[in-house]
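The primary structure of each chain is shown beneath.
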Amino acid sequence: MNIKEPYYFSTEKLTVGYDGIPLIREIEMQVRRGEILTLIGPNGGGKSTILKSITRQLKTISGTVYLENENLQKLSGKELSQKMAVVLTERMQSELMTCEDIVATGRYPYTGTLGILTDEDRAKVREAMELVHALDLCDRDFKAISDGQRQRIMLARAICQEPEIIILDEPTSYLDIRHKLELLSILKKLVAQSQVAVIMSLHELDLAQKVSDRVICVHGEYIDRYGTPEEVFTPEYIQKLYGITDGTYDPLFGCVELAANKAAPQVFVIGGGGSAIPTYRRLQREGIPFATGVLHENDIDYEVAKALASVVVAEQAFEPVSEEKLQEALEIMRTCSQVICCVPSFGTMNALNARLRSEAERLGILVHRAG
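Residues numbered from 1 in each chain as written. Predicted model: local features only at pLDDT ≥ 70, side-chain atom pairs only at ≥ 80, totals over all residues. Heavy atoms only, no water.

1. A few points about the packing of helix α12 (residues 323-333) against helix α13 (residues 353-363)
Now for step 1: Contact pair α12 / α13: the axes reach a minimum separation of 10 Å and the direction vectors enclose 25°. By the angle class used here, α12 and α13 are roughly parallel. Both α12 and α13 take part in a crossing whose hand is right-handed. Residues E323, L326, Q327, A329, L330 and M333 of α12 lie in contact with α13, whose contacting residues are R355, L356, E359 and A360.
Now for step 2: Grouping the amino acids of the contact of α12 with α13 by side-chain chemistry returns six nonpolar, one polar and three charged. (Axes fitted to C-alpha atoms, helices over the stretch in contact; angles between N-to-C directions. Helix = DSSP H or I, 4+ residues; strand = E, 2+ residues; numbered from the N terminus. Parallel < 35°, antiparallel > 145°, perpendicular 65-115°, else oblique. Left-handed = near helix turned anticlockwise from the far one by under 90°. Contact = heavy atoms within 4.5 Å. Nonpolar A, V, L, I, M, F, W, Y, C, P; charged D, E, K, R; others polar.)

Below is the structure:
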């Protein structure tokens with residue numbers, strides 16, 4: 001049996017806010033070394049306020065923050081900076097500093113009073129920059145680089161600090177998809193290899209779902225939900241958390257879909273095995289109501305069809321398409337002006353769907369045939 005390590009970071013009845021006015025009350029959060037805890041929730045909900053409060057950027061109203069069972073407020077600045085690295089969204093003020101100079105400030109907790117870097121310190125600076133793929137930025141003026149490049153430099157600075165815990169506020173903001181994935185991969189590597197604890201906020205639900213060990217949902221006066229990604233990322237809860245009314249959230253794909261046109265279908269789509277998803281989305285973009293079937297309830301097309309189609313004819317998972325479901329689909333299809341067949345061939349389980357295509361050909365409404 002695996003015995004879990006004690007929590008490295010925790011809070012007890014923490015209340016945060018501004019000018020003594022509480023925003024979020026009695027926050028209880030914990031993270032072990034080697035884990036990622038992610039804060040999600042609507043804009044303005046208080047995610048950044050929590051992060052600023054647990055990093056001493058903002059004075060707490062009540063409660064306690066613990067780092068290795070020590071009250072965070074009792075640690076000296078140097079002690080804290082040797083344990084915790086912080087990457088917040090505020091722009092760092094720098095004058096005539098290169099990117100390498102910025103990363104090097106991460107070594108100051110370990111240098112003497114004059115802040116002179118040793119050869120070992122400089123090697124760690126280079127290693128950190130290499131890790132975030134930013135060596136080519138070494139001699140660039142920090143103020144002259146893009147927001148995405150700044151984000152990578154600030155992460156390198158945090159890594160260079162050799163912390164035991166890293167706090168990040170929206171670290172993937174301003175990054176393109178390649179660098180979002182690289183940044184989160186770097187964090188996962190640090191967590192796995194160096195047993196760093198990570199607390200961060202993210203707006204990208206798909207990434208939060210994939211990278212997090214635990215998730216805190218920030219909405220309202222108290223923490224709304226706290227659990228594993230499997231407990232948090234359900235369609236009903238995410239729609240409630242963000243107040244989604246025009247569209248749906250799909251936890252299987254980790255993405256949102258726009259609202260369906262629920263008018264009487266004009267187009268019937270024969271799909272299956274993921275073949276029809278691009279067609280579903282194209283029809284939705286064009287505002288054309290459509291029906292689809294016969295889809296099995298465990299088919300990848302079915303998940304998207306539920307969100308985007310006005311009518312879905314579905315068969316139970318692992319059962320051959322039945323005559324009853326075929327007749328239901330044929331009846332709907334005959335009311336449509338066009339049929340799009342996205343599957344190149346039919347197998348044992350969806351063999352009867354071939355009759356949908358044949359009937360569409362007979363009626364002269366088959367406008368596209370895959371394969």
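2. Focus: the nonpolar core
Now for step 1: Counting residues in hydrophobic clusters, the biggest one holds 50 residues, and the most contacted among them are I40, I153, M200 and F233.
Now for step 2: Core analysis: the next-biggest nonpolar cluster, separate from the first, contains 25 residues, V31, L37, V65 and I165 among them. (Core = buried A, V, L, I, M, F, W, Y, C linked by side-chain atoms within 4.5 Å. Buried < 20%, exposed > 50% of the residue type's maximum accessible area, 1.4 Å probe, protein only.)

3. What about the packing of aromatic side chains?
Now for step 1: Applying the stated criterion across every chain, the model contains two aromatic pairs.
Now for step 2: Note on F233 and Y249: the rings are 6.4 Å apart at their centroids and 40° apart in plane angle, and the pair reads as tilted. One end of the pair, F233, is in the loop between α8 (229-232) and α9 (235-242); the other, Y249, is in strand β12 (residues 248-250), with 16 residues separating them in the sequence. Y249 carries the same exposure label as F233, and that label is buried.
Now for step 3: With centroids separated by 5.3 Å and ring planes inclined at 10°, the aromatic side chains of Y280 and F290 adopt a geometry described as stacked. Taken as a pair, Y280 in helix α10 (residues 277-285) and F290 in strand β15 (residues 290-296) lie far apart in primary sequence, ten residues in all. Accessibility assignment for this pair places Y280 and F290 in one class, buried.
Now for step 4: The ring of Y226 carries R214 above its face, with NZ or CZ at 5.1 Å from the centroid. (Phe/Tyr/Trp six-rings, centres within 6.5 Å; stacked < 30°, edge-to-face > 60°. Lys NZ or Arg CZ within 6 Å of the ring centre and 35° of its normal.)

4. Details of the pattern of salt bridges
Now for step 1: According to the stated counting rule, one finds 20 salt bridges in the structure shown.
Now for step 2: In this structure, R25 and E221 form a salt bridge, with 2.2 Å as the shortest nitrogen-oxygen distance. Note that R25 is positioned in strand β2 (residues 21-27) and E221 in the loop between β10 (214-218) and β11 (223-227), a separation of 196 residues in sequence.
Now for step 3: For R25, a relative accessible area of 30% translates into the label partly exposed.
Now for step 4: When its relative accessible area of 39% is taken as the criterion, E221 is described as partly exposed.
Now for step 5: Among the salt bridges present, the one from R281 reaches E257, with a minimum N-O distance of 2.4 Å. You can see R281 sitting in helix α10 and its partner E257 sitting in strand β13 (residues 255-257), a full 24 residues away along the chain. (Salt bridge = Lys/Arg side-chain N within 4 Å of Asp/Glu carboxyl O.)

5. Concerning the layout of surface pockets
Now for step 1: Computed from the structure, the second largest pocket encloses a volume of approximately 250 Å³.
Now for step 2: Around the second largest pocket sit 13 residues that line it, and I159, C160, E162, L190 and S194 are the ones nearest its centre.
Now for step 3: Secondary structure elements with two or more residues in the lining of the second largest pocket: α4 (119-131), α5 (147-160) and α6 (177-194).
Now for step 4: Ranked by the residues each element gives to the lining of the second largest pocket, the list is headed by α4, at four residues.
Now for step 5: Each residue belonging to the lining of the second largest pocket can be placed in one class, and the counts come to eight nonpolar, one polar and four charged. (1 Å grid on protein atoms, 1.4 Å probe; cavity = no way out; pocket = protein on both sides within 12 Å on 5 of 7 lines; lining within 4 Å. Points joined across faces, edges and corners; volume = space filled by probe spheres on them.)

6. Remarks on the packing of α4 against α5
Now for step 1: With their axes 8 Å apart at the nearest point, α4 and α5 run at an angle of 135° to one another. When the interaxial angle is binned, α4 and α5 end up oblique. You can see that α4 and α5 cross each other, and the crossing is right-handed. Listed contacts from α5 to K124, V125, A128, M129 and L131 of α4 are I153, A156, I159 and C160.
Now for step 2: Looking at the contact of α4 with α5 residue by residue, the class counts come to eight nonpolar, no polar and one charged.

7. Quick look at the pairing of strand β8 (residues 165-169)
Now for step 1: Burial analysis of β8 places five of its five residues in the buried class, which makes it a mostly covered element.
Now for step 2: Here β8 shows a buried face lined by I165, I167 and D169 and a second buried face lined by I166 and L168.
Now for step 3: Sheet analysis places strand β7 (residues 84-87) next to β8, joined by four bridges and oriented parallel. Residue A85 lies in a different strand from β8, and its bridge partner there is I166.
Now for step 4: One ladder, built from five bridges, connects β8 with strand β9 (residues 197-201); its direction is parallel. What sits directly across from I165, in β9, is A197. (Pairing = 2+ DSSP bridges.)

By themselves, these figures tell us nothing about what the structure is for.
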